[in-house]
Amino acid sequence: MASGVGVNPECLQAYQELKLGKKTKYIIFTLSKDNTEIIVEKKSPPTSTYDEFLADLPEGECRWAVYDFDFEKEDGGKRSKITFYSWSPDDSKVKQKMLFASSKDALRRSLVGIAAEIQGTDFSEVAHESVLDKVSRGN
């Protein structure tokens, strides 16, 4: 079910900077105050850590995010996977959860090149080890 929410062009521009320019480590997306479009809430510098990313996910509010997830394979090769996050904490408001769930596809479809997708309702589901396990499968 689509919510009719649009994607602000700045979202695509920020994503291209992350994907092609490696000028950003992660992007946090949210809905505008009037709930009519998806906007960029934060772009991080390329030196940001995963812990900083997790600290930027609010405990009681939904968000979407894209993170350039770096990891090493067992054979020592380095990999990078652009990972899409749907952050919908258990204690966020029901109306907000529904709006974010129904608007996700508009954003997700516009971001070409996502390698993995993570659904998180609490911090254990987005912990580094959980995400590493998911993104490193099949490589």
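Residues numbered from 1 in each chain as written. Predicted model: local features only at pLDDT ≥ 70, side-chain atom pairs only at ≥ 80, totals over all residues. Heavy atoms only, no water.

- The chain has the name Cofilin in an unreviewed UniProt entry, where Trametes cubensis is given as its organism.
- The heading Subcellular location (unreviewed entry) in the UniProt record of the chain holds the text "Nucleus matrix".
- The chain has a UniProt comment under Sequence similarities (unreviewed entry) that states "Belongs to the actin-binding proteins ADF family." (UniProt positions renumbered as here; feature names shortened; annotations may be inferred.)

**Points about the sheet that holds strand β6 (residues 116–120)**
Okay, so step 1: Pairing in this open sheet of six strands is mixed, and the strands run β1-β3-β2-β4-β5-β6 from one edge to the other. Where the open sheet ends on each side, the last strands, each with one partner, are β1 (6–7) and β6.
Okay, so step 2: Bridge count for strand β4 (residues 63–72) against strand β5 (residues 78–87) is 10 bridges, and the pairing is antiparallel. Opposite Trp 64, over in β5, you have Ser 86 as the bridge partner.
Okay, so step 3: Relative to strand β3 (residues 37–43), helix α1 (residues 9–21) is tilted by about 40°, and along the sheet it contacts β1, β2 (26–31), β3, β4 and β5. (Pairing = 2+ DSSP bridges. Helix = DSSP H or I, 4+ residues; strand = E, 2+ residues; numbered from the N terminus. Contact = heavy atoms within 4.5 Å. Axes fitted to C-alpha atoms, helices over the stretch in contact; angles between N-to-C directions.)

**What about the nonpolar core?**
Okay, so step 1: One finds Phe 29, Ile 38, Trp 64, Val 66, Leu 107 and Leu 111 to be the most contacted residues of the largest nonpolar core, which totals 19 residues.
Okay, so step 2: For this core, the secondary structure elements donating two or more residues are α1, β2, β3, β4, β5 and α3 (94–110).
Okay, so step 3: With four residues, α1 is the single largest residue contributor to this core.
Okay, so step 4: The residues touching Ile 38, leaving out its near neighbours within four places in the chain, are Val 5, Gly 6, Val 7, Asn 8, Cys 11, Phe 29, Thr 30, Leu 31, Trp 64, Ser 103 and Leu 107.
Okay, so step 5: Grouped together as the second largest cluster of nonpolar side chains are 17 residues, Leu 57, Tyr 67, Phe 71 and Val 135 included. (Core = buried A, V, L, I, M, F, W, Y, C linked by side-chain atoms within 4.5 Å. Buried < 20%, exposed > 50% of the residue type's maximum accessible area, 1.4 Å probe, protein only.)

**Some details on the pattern of salt bridges**
Okay, so step 1: Applying the stated criterion to the full structure yields nine salt bridges.
Okay, so step 2: The shortest N-O distance in the salt bridge between Lys 25 and Asp 70 comes to 2.5 Å. Here the residue Lys 25 occupies a position in the loop between α1 and β2, and Asp 70 occupies one in strand β4, the gap between them amounting to 45 residues.
Okay, so step 3: Look at Lys 25 and you get buried, because its relative accessible area is 10%.
Okay, so step 4: In this structure, Lys 78 engages Glu 72 in a salt bridge whose closest nitrogen and oxygen atoms are separated by 3.4 Å.
Okay, so step 5: A relative accessible area of 51% means that Glu 72 is categorised as exposed.
Okay, so step 6: Three or more residues joined by partner-sharing salt bridges are found here, namely Glu 41, Glu 61 and Arg 63. (Salt bridge = Lys/Arg side-chain N within 4 Å of Asp/Glu carboxyl O.)

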